[in-house]
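Listed below, chain by chain, are the residues.
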Amino acid sequence: MNANTRNQFPALNRLRQGKPVIYFDGAGGSQAPQTVINAYADYLTQGNANLGSPSATSRLTEQLVVEARQAACDFLGCQLAQSVVFGANATSLIFHFSYSIAKQWQAGDEIIVTALDHYANVSPWLNAALACGVTVHTIPIDRETWQLDYSVLANKLNANTRLIAIPYVSNVTGTVVDVQHIVQMARAFAHIQVFVDAVAAAPHVKINFQYLDCDFLVTSGYKHFAGHLGVLVAKPKWLQLLLPNKVAPASEQSPNCWEMGTQNFEAMAAYIACINYLQSLIEDEPVTIDLASSSDFYSGGHDIGSQDMLPADRKQKLENAFTHIQNHENELSRYFMQQLAELRGANLLGQKTTEQRVPIFSLVLANNDHAKVCCALAQANIYCAYGHFYAQGIVEQLALANESGVLRFSLLHYNTRDEIDVLFNELDMILN
Ligand SMILES: Cc1ncc(COP(=O)(O)O)c(C=O)c1O
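Residues numbered from 1 in each chain as written. Predicted model: local features only at pLDDT ≥ 70, side-chain atom pairs only at ≥ 80, totals over all residues. Heavy atoms only, no water.

Peer 1: Is there a simple way to explain the nonpolar core in this structure?
Peer 2: Generally speaking, a soluble globular protein has its nonpolar side chains buried in company with each other. Leu153, Ile164, Tyr168, Val196, Leu217, Tyr271 and Leu278 are the most contacted members of the largest nonpolar core, which has 94 residues in total. Contacts of Tyr271, omitting those with residues within four sequence positions, involve Ala68, Ala71, Ala72, Phe75, His224, Ala226, Leu229 and Val231. (Core = buried A, V, L, I, M, F, W, Y, C linked by side-chain atoms within 4.5 Å. Buried < 20%, exposed > 50% of the residue type's maximum accessible area, 1.4 Å probe, protein only. Contact = heavy atoms within 4.5 Å.)

Structure below.
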């Protein structure tokens, strides 16, 4: 990434006590480019309005919603903008859809959740299963590969299975899950829906909903340079067939009938700006594909530039932009892990190569002093995070201390090698 990319993010130029600030907590929330920040102000400056009135501001807001849906459609690689549903955040969208999906279940049915997930994609399903007497199976993590244990998954699938809820990327180990493979396993049975939490994937992986062929996929704008806005895509048939929980007078039309209350229009304006920021990334720099580390499902499953999906211009630019992001992030990952190998007393939870991983690095330190180290780094203007990050399944399977959990460093495309150097110099001083 060149300096121009970083310069678009005002927070990256922030000084605290005269020194630059380093953001290594991207998985907790990314920084926003100026165009995204401006979009919030521009929407509210032009005039706020609700939908459905003849005023010019209302019409502009209606147009904005249409454009935001199209932006999400391009970003998430789906065919129909009408399959996009907005909400407050990922957690509330998953809970919202879990109520409707569970209306199809009956006692004796089974569902599958995983130990790799953030609990936003576990608790809603556990609650719904409990309410209707449905059996829940949890797929463990394979400690060799840090993938889900696919053999356990294969054993649990049967004609009673109704749902598989999986992560696309783990917010703790950085594992990129082979979603397409799991969908294929599910398709061997008639009635399994696959629900994908792509919140941690969205800043790193070009999501291609159509290609993945899952039933539902959810993201959250503040993790990928937009503001706080939950975005879900579903196969159109589910939005038609399932019954939403809604207030009676609200629209019967999909996708509006799925959107609870008045939506966050200024966040939608920011979301459009974010997708346009992402597509503009390749306008500055030439794209070369890192063949050594590009894997099929990481790049959305098809060759960059292939015509099989006939992507619109923005879709194609987004594909290229993510190839560019992936190349840069893989370089950062290699460098991070190289530096980490020199550090004594730190155990990395996750793949030690760039294969099937994104730059989310969780460490368990020998003395478990994650809080102390995290605070010392914060004093030195290096912002990371520690704890369980709601990934309760990982905490349980690895028997981690719930309080101190892991010390997590999560990088995004705007981070640099120089920042990694500063981090490891500081870690060296703190730990030795
Ligand atoms: C993987 C993952 N899923 C879901 C969530 C919840 O997202 P939200 O904060 O939008 O509800 C998070 C938040 O950290 C996450 O990392």
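Read on, since the account is not over.
Peer 1: Could you clarify how one ought to interpret helix α7 (residues 179-186) in this entry?
Peer 2: What sets the pattern is the α-helix's 3.6 residues per turn: residues three or four places apart point alike. All of the buried residues in α7 are Val179, Ile182, Val183, Met185 and Ala186. Angular distribution of buried residues about the axis of α7 spans 160°; they occupy a single face of the element. Contacts made by the buried residues of α7 are with α6 (150-156), β7 (161-167), β8 (193-197) and α8 (209-212). (Helix = DSSP H or I, 4+ residues; strand = E, 2+ residues; numbered from the N terminus. Arc of directions from axis to C-beta.)

Peer 1: Would you mind going over the domain arrangement of the chain with me for this structure?
Peer 2: In many analyses, interface size is given as the accessible surface area lost on bringing the parts together. According to the domain assignment, the chain consists of domain 1 (3-33 + 325-431) and domain 2 (37-273). If you average the C-alpha positions of domain 1 and of domain 2, the two centres end up 27 Å apart. Counting residues at the interface gives 35 residues for domain 1, matched by 27 residues for domain 2. In total, about 2,600 Å² of surface goes out of reach between domain 1 and domain 2, with carbon and sulfur atoms giving 59% of it. When residues of the side of domain 1 that touches domain 2 are traced back to their parent elements, those giving at least two are α11 (313-341), β12 (360-365), α13 (392-397) and β15 (406-410). Ranked by residue count, the leading element in the side of domain 1 that touches domain 2 is α13, at four residues. (Domains from an automatic or database assignment. Buried area = accessible area lost by both parts, 1.4 Å probe.)

Peer 1: Help me understand the packing of helix α3 (residues 56-76) against α11, please; the structure alone is not making it clear to me.
Peer 2: When two helices pack together, their arrangement is captured by the angle between the axes and the distance separating the axes. Two numbers describe how α3 lies on α11: the axes approach to 8 Å, and their chain directions differ by 45°. Taken together, α3 and α11 sit at an angle that is classed as oblique. Judged by the twist between their axes, the crossing of α3 over α11 is right-handed. Residues Gln70, Ala71, Cys73, Asp74 and Phe75 of α3 form the contact with α11, whose participating residues are Arg314, Lys315, Leu318 and Phe322. Its residues assigned to classes, the contact of α3 with α11 comprises five nonpolar, one polar and three charged. (Axes fitted to C-alpha atoms, helices over the stretch in contact; angles between N-to-C directions. Parallel < 35°, antiparallel > 145°, perpendicular 65-115°, else oblique. Left-handed = near helix turned anticlockwise from the far one by under 90°. Nonpolar A, V, L, I, M, F, W, Y, C, P; charged D, E, K, R; others polar.)

Peer 1: In this structure, what is going on with the sheet that holds strand β14 (residues 385-387)? I would like to understand it.
Peer 2: If you walk across this open sheet you meet the four strands as β11-β12-β15-β14, and the pairing is antiparallel. Here the strands that pair on one side only, and so sit at the sheet edges, are β11 (346-349) and β14. When the angles between neighbouring strand axes are averaged without regard to direction, this sheet yields 35°. Relative to β12, β11 is paired through four bridges, and the arrangement is antiparallel. (Pairing = 2+ DSSP bridges.)

Peer 1: Can you help me understand the pairing of strand β6 (residues 135-139) in this one?
Peer 2: Along a regular strand, successive side chains alternate from one face of the sheet to the other. Relative to β6, strand β5 (residues 110-114) runs parallel, the two being bridged by five bridges. Residue pairing across strands places Ile111 opposite Val136, the latter belonging to β6. Read as a crossover between parallel neighbours, the route from β5 over helix α5 (residues 123-131) to β6 is right-handed. (Right-handed = clockwise from strand over helix to strand, strands pointing away.)

Peer 1: Is there a simple way to explain the site of the ligand in this structure?
Peer 2: Close to the ligand lie Asn89, Ala90, Thr91, His118, Ala120, Asn171, Asp197, Val199, Ala200, Ser220, Tyr222 and Lys223, which account for all nearby residues. In the environment of the ligand, an oxygen atom lies 2.5 Å from a nitrogen or oxygen atom belonging to the side chain of Ser220. Between Tyr222 and the ligand, the recorded distance is 2.6 Å, taken from a side-chain N or O atom to an oxygen atom. In the complex, 89% of the free accessible area of the ligand, which totals 390 Å², lies under the protein chains. Among the residues making up the shell around the ligand, the classes are represented as five nonpolar, five polar and two charged. (Near = heavy atom within 4 Å. Polar contact = N/O pair within 3.5 Å; in protein donor to acceptor, adjacent residues only side chain to side chain. Areas by Shrake-Rupley, 256 points an atom, 1.4 Å probe, with all protein chains shown as cover.)

Peer 1: So what exactly am I meant to see when it comes to the pattern of salt bridges here?
Peer 2: Opposite charge on two side chains makes pairing possible when the charged atoms of those side chains draw close. Tallying each qualifying case throughout the model produces eleven salt bridges. Its salt-bridge partner being Asp213, residue Arg187 comes within 3.7 Å of it at the nearest N-O pair. Linking Arg187 in the loop between α7 and β8 with Asp213 in the loop between α8 and β9 (216-220), this pair joins segments that are 26 residues apart in sequence. Given the relative accessible area of 33%, Arg187 is considered partly exposed. Salt bridges sharing common partners tie together Arg187, Asp213, Asp215 and Lys235. (Salt bridge = Lys/Arg side-chain N within 4 Å of Asp/Glu carboxyl O.)

Peer 1: Explanation requested: α11 in the structure shown.
Peer 2: Taking 1.5 Å per residue as the helical rise, α11 with its 29 residues ought to reach 42 Å, and the 42 Å between its terminal C-alpha atoms agrees with that figure. With respect to burial, α11 is a largely interior element, 22 of its 29 residues being buried. (Expected span 1.5 Å × (residues − 1).)

Peer 1: Sorry if this is basic, but what is going on with the packing of aromatic side chains here?
Peer 2: Each aromatic ring pair is described using two quantities: the centre-to-centre distance and the angle formed by the ring planes. Scanning the entire structure with this criterion turns up 17 aromatic pairs. With centroids separated by 6.0 Å and ring planes inclined at 50°, the aromatic side chains of Phe336 and Phe409 adopt a geometry described as tilted. Remark: Phe409 occurs in strand β15 and Phe336 occurs in helix α11; sequence separation between them is 73 residues. Judged by relative accessible area, which is 1%, Phe336 ranks as buried. Aromatic ring contacts, followed pair by pair, group Phe97, Trp105, Trp125, Phe195, Phe216 and Trp258 into a single cluster. Here Arg408 stacks its cationic end above the ring of Phe389, 3.7 Å away from the centre of that ring. Arg417 extends its terminal NZ or CZ atom over the ring of Tyr335, reaching a point 3.9 Å from the ring centre. (Phe/Tyr/Trp six-rings, centres within 6.5 Å; stacked < 30°, edge-to-face > 60°. Lys NZ or Arg CZ within 6 Å of the ring centre and 35° of its normal.)

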